[in-house]
Each structure stands twice: as C-alpha cells, then as structure tokens.
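For reference, the chains in residue letters:
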Amino acid sequence: MNSLKSFLKRDGWMLFIFIGLLAFPFIVATLTGSSPTGVPRGDRMIMRGESVRWQAVLIEVFILSLLAMSYNLLFGFTGVVSFGHALFFGLSGYIFGILLEYTALDTGLATGLGIVLGIAASGLLGLGIGLATLRLKGVYFAIFTLALAEMAYIFFSRLQLTKAEDGFAIGELPVWLDPTQSRLTFYYITLAVFVVGFLLLRRLMASPTGAVFKAIRENEDRAQSIGFNTLRFKLLSLVIAGMMAGAAGILQVMLNKKVGPEMLGLTYTIDPLLMTIIGGTGTLLGPVIGAAGLHLLDVGLRDQVIALGGASIRIADVWGLILGAIFILVVMVFPYGIVGTYQRWRLKRQHRGDPASAATSRAARRQSG
Amino acid sequence: MTEPLLEGRQLRKAFGGLVAVDEVSLQIAPGSAHSIIGPNGAGKTTLFNLLSGRYRPTSGTVWFKGRNITKLPVYQRAHIGMGRSFQITNLFPQLTVLENVRLAVQAKGNDSFRLLRRVDTFTAPIEKALEVLELVGLRESAALPASVLPHGGKRKLELAILLAGDPEILLLDEPTAGMASEQVPELMATIDRVRRDGGQTIVLVEHNMNVVMSISDRITVMHLGRLLAEGTPTEIAGNTLVQDVYLGQLYDLSAGETPQS
Ligand SMILES: Nc1ncnc2c1ncn2[C@@H]1O[C@H](COP(=O)(O)OP(=O)(O)O)[C@@H](O)[C@H]1O
Ligand SMILES: [Mg+2]
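All residue numbers refer to position in the chain's written sequence, counted from 1. The naming scheme follows written order: chains are lettered A onward, ligands numbered 1 onward. Local features in this predicted model are restricted to residues whose pLDDT is 70 or higher, and side-chain atom pairs enter the listing and the counts only when it is 80 or higher, whereas totals over whole chains, interfaces and linings include all residues. Excluding hydrogens and water, the side-chain figures rest on all heavy atoms present in the structure.

Trainee: Would you mind going over the sheet that holds strand 1 (residues 6-15) of chain B with me for this structure?
Mentor: Within a sheet, each strand pairs with its neighbour through backbone hydrogen bonds, oriented either parallel or antiparallel. All names here are of chain B. In short, DSSP must find at least two bridges between two strands for them to pair. Counting from the N terminus, the helices are DSSP H or I runs at least four residues long and the strands are E runs at least two residues long. Ordered in space as 2-1-4-5, the four strands form an open sheet in which the pairing is antiparallel. The two strands at the open ends of the sheet, each matched to only one other strand, are strand 2 (18-28) and strand 5 (67-68). When strand 1 meets strand 4 (residues 59-64), the two strands line up antiparallel, connected through five bridges. Counterpart to glycine 8 in the pairing with strand 4 is valine 62. Contacts are assigned to residue pairs that have any heavy atoms within 4.5 Å of one another. Each axis is a line fitted through C-alpha atoms, taken for helices only over the stretch in contact, and angles between the N-to-C directions span 0 to 180 degrees. Against the sheet, helix 1 (residues 44-52) contacts strand 1, strand 2 and strand 4, and its axis sits at roughly 120 degrees relative to strand 1.

Here's what the structure looks like:
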C-alpha cells in the first residue's frame, strides 16, 4: 500500500491527466452537445461535430509529441544533433502508404505489414546513417543528416510513381482504424501509442543504458575513457529514436490518409527541435509540453485574421514568424525550456529549506558566477 | 628485469611541425610507482595521451602485458586494466557526484545494455561507488551535481572515477593540479594507500617534488619532448644534468620546496 501511496504522490498527476485524456472525447461531447463518434449517414460515419474535431487536434498533439520525444532522446539525452529527423517520419510514412496503395495485399495485411516494415526501416535507416556518419563530430553529423533529408525530399518530390509533389491518398484503411470512420478508436490508439512511448522512454532513461546516453551527452571523451564504446550507444539511441519517429510518421499517414513529400520536409525536423527546446531539452515532459503548446496555439490562431492598417493578415500565413517570436520569448524567459527551468527553480527552493544544502547551492552559485 | 606492465617504444607525436613527444621509450614495471617530471610543455600529457590511446602516435608502439595495443581504442583499454585521470578536470558536469562514479563502475560490468531495468535496482555498483567516494572523502557530496563542487572536490572526483574502474595501472596526470596546497598531502596519501592496499601500478605526473620523491620507485625526466634521464629518486636528485637543465632552475632539492609560480 505504501508503494501505491508513493506512486500516487509521484505520478498521481500524470494518472489524473491520463484519465482526463481518456474522458476527453466524452467531456467535449457533453459540453458541446455533439456526438463523440460523429454522425451516421447510411452505413458510413461523417466526422462532424466538436468532439471529433477536437479528437483530431489531440491526435495531432500525440503524434507531434512522439516525434518531439524521439528527437529529444537523441538531442536532449544523448547529445546527438540531427537535422534530418523528418527522414524517419517521412520514410516510414511512404513505406506504409506504398504498401497500402501500391500492392495487391489485403488492406488489413498491408496495414499490419506497413506498420512493421515502416518502423523496422526507420530503425535500419538510423543504423545505416549512424554507421556511416556517427564518427563525424557534432556539426558535421548534423549537416550530413540535413543533406540526406533534403535529398529524400527532392527524390520523392520528383518521383512520378508516388505522384511527385502532390503525394498520394490512402484509399482504404481497415474500418475500425480509419479516422474518417472510427475516429474515437483511432484517438485511443494514438493515445495508447503515445503513453506507451512515453513510459518506455522514461524507463529507458532510468536504465543503465539511459545513464550511458546522458554520460555521452555530458562528456563523450570521458565516457570512452572509463570504458564505454560510445559509438554503439549512440547507434542504439539513433535506432530507437528513428523507430519512434517512424511510428509517429505512420500514425500521421493514417490520420491524414495521405502521404506526400512534405513529411520529409524541414518542418518536421525544425518543429520537434523547437518543441523540445521550448518544453525543456533533456527532460521527459518538455517535448510533450512543447508539442501540445505549439500545436494548440497553431490550431487556435491559424484562422484568425488581424487587421493591420489597410491590410488584413491571416495568422496562418505568418505562422513561421509567430513561431520564431514565441521561441525567442520562451527561451528568454525560460532559458532551460519550460520544464527544465521549472525543475531548476524547484531544486533551488528545496535547497533553501535545509541549511546544509543551502550552503552547497551558495557554493554552487559562487562557482558558476 | 621482469616484463614491463606498460611500455612505450620510440613513441613520437608531432602536431604539425611541433614534435611534442620525440622518440620516447619508457618501461613501467608492474607494481611500481613511476613518476614523470619535467617543465610545462615537456610533453608529459601528450605522452599520457599516447599511452592511454587518446592520441595515435605518429610513430612508435605501445605495449601492455606484452601485447601491442597501439591501435586499441580508448574504451577497450579500460577493460584490459588501464585507467587514467586528467590534468584538466574531465567530468560529467550535470550528473551527480555519485552518478559520475557509478558510471565508471557500470562501465566495467555487463549491465549497460539493460534497457528496461531501473538503474537503482543494480545495488552493487551504487555501493561500490559510495565506497570509493568515502575513500576520497566525497561521500557527503554524493547527491550534488559534479559542476557545483569546488575545485579541490572536482580533483577528488576525478580520482574517484579512475579508482572506481579498478584499473591495474593508474595513469595520473597531475592529480593535484590547481589544488590548495594544504589539500595535496591528503589526496596523495589516498593514492598511496590505494596502491599499498591493491598493489596497483602507478604512473604519475606531478610537480610537487616532495610528493614525487617520497612516492616514486622510479623517475623519468622529460624535457622538450625527449627523455632526459631516468632512475631512482636518489639518482635523479644527484644527476647533474637534470640539476642543470631542469631541477636546478626550478627546485631547491635540498630544501624540498616546490616552485612558486
Ligand atoms: N592537441 C595539441 N595540438 C597541438 N599542440 C599540442 C597539443 N597538445 C599538446 N601540444 C603541444 O605539445 C607540447 C607538449 O605539451 P604537453 O604534453 O601538454 O606538455 P606537459 O604536459 O609536459 O606540460 C606543448 O608545446 C603543447 O603546446
Ligand atoms: Mg600536462
């Protein structure tokens, strides 16, 4: 019973949010008088109403959170800077889409196979990129990944087979999974993938392997000197991050029922990077908070129009500008991201409580100052 | 002589035109305490970097227990029993003091690819790390981030990380660099104690002549990248060449003082 108590004290609020997310479609439905499953028309469902609309928004938050979490594993926890994260996201998306649209496989089989192959290919891609380039130091690795992602983007933008720049639509998904038919089910599926991803990542970062990741981020040279083959751990981190981003890409394709080169574009590299930094690099919750915050803002402001003198400006058209401004503001107010800065602040407050550690934190301030 | 534990043969390291280590051959006998002295810029740290694998020699070879390890990666040297500390403090700054040391213990074990088990369920490495922290006098600071330690504490932690790996040979590059002089004897006593208890071999770069003369079985003198002399402390103290070129200018051996720099 004691362990339950300490669990609730430590993780109770997360459990609370989780229950809130479970109930969310029904809460919105009740508040707005809409149906959580959409409106039936004949033997099909039409996704109309506030509940299903907000489900889609949260599904996007879960997907972006997964992507940002995977970016954070590499960047925040292992200290590996990649500018090609969209590569994993897009590649698995294409593999999944191609299996569904360009093979004669039965839809259910294609879906299952697409998930497995898409995620496996992302992991292998991580392994390949890592083996080829992780020996490169910092910025050179980052530039290589950027170049690779851009090449993939250009390749798929030109590839007629997959309808080049337009991309191609997914005609059919298994009905129980299809977000245009069973959005509520799909909502719970993405929620589950997100929660499992989060818990696995949390456990990983509390494991001996995660400890080595952090050691590499802190000081790779010393990590080698005490006996770690750091290349192997960086590869592992890249493979896991790749697979996570790959899973996010597949969910994205399911949600939009479309695959296009934009999934390989810079946006899906930069956004998870910004979300991670805004939320808190190297914290577990930071990327989630960053993803939720930025995406909800985007959705809330996207269709707003501001009148400026004679001209009226649609927020969606200047979203990049606004994103940049938000980024600068947050980084100025929260130098370690929202979660990171909060954690530091709390640590300081705790130390103020007892005199012994107050002395050390004074010493710490002297040291750093 | 018995087979040396660690040996450098005609080691040479050039940085562009600058030859930092020039045809240095060095044998470290098992169980000995072997000091390397010489003025700043003599090439001592570079020699350590060659022996520990951080740098590849321009030419020459490194041997450990009769095996040519010149091309062995740094991380593998930890597993065959070599360990080093750094003149310029080289820690995991944002990790706790305990975690800094625990990682060094973990590195020598087989649990580093246990992805889904919590680190705190592996109690042996934690206990081992706490023991080492006790030994160097940092147990009280175990929960602090390494970055907040005062300089002396960081030097102790540097040593603790090295000791936690249980090396057979310890390459100590100025372990007391920058420490307040009253803390130096304590740290050196710890090193000496560890060595007496565990029978490890020590290679020491140190400027404090009291320490060097009292702890060493053998002393190698370097100057401008070359070996100037080698012998027992008495031989080195009596070597007129060494006196002229190095010790004479910098140290007053009879008084056993260290230079004021
Ligand atoms: N990485 C490096 N690149 C270029 N020059 C170096 C490097 N490391 C050391 N040196 C040079 O090699 C010489 C020997 O340096 P070092 O081995 O640090 O001497 P010591 O440890 O005896 O003071 C110095 O002239 C130093 O400037
Ligand atoms: Mg030096």
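That was the structure; now back to the text.
Trainee: When you look at a nonpolar patch on the surface in this model, what are you seeing that I'm missing?
Mentor: Patch construction takes residues with relative accessible area above 30% that form no salt bridge. Like charges are linked within 9 Å, and nonpolar side chains (Val, Leu, Ile, Met, Phe, Trp, Tyr) are linked within 5 Å. Each accessible area is a Shrake-Rupley estimate made with a 1.4 Å probe; only the visible protein chains count as cover when residues are assessed. By definition here, a salt bridge exists when the distance from a side-chain nitrogen of Lys or Arg to a carboxyl oxygen of Asp or Glu is within 4 Å. Side chains of Leu4, Phe7, Leu8, Leu15 and Ile19 of chain A sit close together on the surface and give an oily, nonpolar patch of about 410 Å² of accessible area. In this fold, isoleucine 19 of chain A is placed in helix 1 (residues 2-32).

Trainee: What am I meant to see in the packing of helix 2 (residues 50-77) of chain A against helix 8 (residues 230-256) of chain A here?
Mentor: Pairs of packed helices are described in terms of their axes, by the angle between the two and the distance that separates them. Residues and elements named next belong to chain A. Where helix 2 meets helix 8, the axes come as close as 8 Å, and the angle between the chain directions of the two elements is 165 degrees. The orientation of helix 2 with respect to helix 8, classified from their angle, is roughly antiparallel. Judged by the twist between their axes, the crossing of helix 2 over helix 8 is left-handed. Along its contact with helix 2, which presents Ile59, Glu60, Ile63, Leu66, Leu67, Met69, Ser70, Leu73 and Leu74, the element helix 8 presents Ser237, Leu238, Ile240, Ala241, Met244, Ala245, Ala248, Leu251, Gln252 and Leu255. Within the contact of helix 2 with helix 8, the residues separate by chemical class into 15 nonpolar, three polar and one charged. Should an angle lie under 35 degrees it is considered roughly parallel, over 145 roughly antiparallel, and from 65 to 115 roughly perpendicular; all remaining angles are considered oblique. In this scheme, a crossing is called left-handed if the near helix is turned counterclockwise away from the far one by less than a right angle; it is called right-handed if the turn is clockwise. By the convention adopted, Pro, Cys, Tyr, Trp, Phe, Met, Ile, Leu, Val and Ala count as nonpolar, Lys, Arg, Asp and Glu as charged, and the other residues, Gly among them, as polar.

Trainee: Mind showing me how you'd approach the interface of chain A and chain B here?
Mentor: Listed by partner, the interface residues are 31 residues for chain A and 39 residues for chain B. By convention, the term buried area covers the 1.4 Å-probe accessible surface removed from two parts as they join, with the contributions of both added. A buried area of about 3,000 Å², summed over both sides, lies between chain A and chain B, and 61% of it is on carbon and sulfur atoms. Three residues, Pro208, Glu218 and Arg222 of chain A, lead the burial of chain A against chain B; their summed loss comes to 23% of the area buried on that side. A salt bridge links arginine 54 of chain B to aspartate 221 of chain A; the shortest N-O distance between them is 2.4 Å. Polar contact criterion, stated in full: a pair of N or O atoms within 3.5 Å, where within protein one must be able to donate a hydrogen and the other to accept it, and residues adjacent in sequence count only if both atoms are side-chain atoms. At the surface where chain A touches chain B, the tally comes to 15 residue pairs in polar contact (both at pLDDT 80 or more). The set of elements that each furnish at least two residues to the side of chain A that touches chain B consists of helix 6 (183-205), helix 7 (208-225), helix 8 and helix 13 (355-368) of chain A. Top contributing element to the side of chain A that touches chain B by residue count: helix 7 of chain A, with 14 residues.

Trainee: Can you help me understand the confidence of the model for chain A in this one?
Mentor: A low pLDDT score tells you not to read the predicted coordinates there in detail. One number per residue, pLDDT, summarises how confident the predictor is, and it ranges from 0 to 100. Taken residue by residue, chain A gives an average pLDDT of 91. The fraction at 70 or more is 95%. Considering only residues more than four positions removed or in separate chains, one finds that residues 362-369 of chain A, a stretch of pLDDT under 50, has seven contacts.

Trainee: What is the right way to read the environment of valine 80 of chain A from this model?
Mentor: All names here are of chain A. In this structure, valine 80 sits in the loop between helix 2 and helix 3 (86-101). Any residue under 20% of the maximum accessible area for its type is buried, any over 50% is exposed, and the rest in between are partly exposed; the area is computed with a 1.4 Å probe on protein chains only. In this structure valine 80 comes out as buried when scored by relative accessible area, which is 6%. In the structure, valine 80 is positioned 252 residues away from methionine 332 in sequence and 24 Å away in space, judged by C-alpha atoms. Not counting residues up to four positions away in its chain, the partners in contact with valine 80 are Leu74, Phe75, Leu134, Phe141 and Lys234.

Trainee: I keep staring at the packing of helix 10 (residues 286-301) of chain A against helix 11 (residues 319-333) of chain A and nothing clicks. Help me out?
Mentor: Residue and element names in this part refer to chain A. For the pair helix 10 and helix 11, interaxial distance at closest approach is 12 Å and the crossing angle is 140 degrees. When the interaxial angle is binned, helix 10 and helix 11 end up oblique. Helix 11 is crossed by helix 10, and the crossing has right-handed handedness. Here Leu294, Leu297, Asp298 and Leu301 of helix 10 lie close against helix 11, whose contacting residues are Trp319, Leu323 and Ile326. Tallied by class, residues from the contact of helix 10 with helix 11 come to six nonpolar, no polar and one charged.

Trainee: Where do I start with the sheet that holds strand 7 (residues 169-173) of chain B in this structure?
Mentor: Residues and elements named next belong to chain B. Here we have six strands laid out as an open sheet, ordered 6-7-8-3-9-10, and mixed in their pairing. Edge strands, defined here as strands with exactly one partner in the open sheet, are strand 6 (82-85) and strand 10 (226-231). Each strand of the sheet is rotated relative to its neighbour by a mean of 15 degrees, with strand direction disregarded. Contacts from helix 5 (residues 151-164) reach strand 6 and strand 7, with the element oriented near 160 degrees to strand 7.

Trainee: What is the right way to read the side chain of threonine 107 of chain A from this model?
Mentor: Here threonine 107 of chain A lies in helix 4 (residues 107-133). Filtering out sequence-adjacent residues up to four positions away, threonine 107 of chain A remains in contact with Leu100, Glu172, Leu173 and Pro174 of chain A.

Trainee: What's the story with helix 5 of chain B in this structure? I'm lost.
Mentor: Note that an α-helix has 3.6 residues per turn; residues three or four places apart therefore point the same way. All names here are of chain B. Take the number of residues in a helix, subtract one, and multiply by 1.5 Å to get its expected span. Helix length check: helix 5, at 14 residues, gives a terminal C-alpha distance of 20 Å against a target of 20 Å (1.5 Å per residue), a fit within 8%. With 13 of 14 residues buried, helix 5 lies mostly within the body of the structure. Two residues or fewer past helix 5, aspartate 166 is found with a positive phi of approximately 50 degrees.

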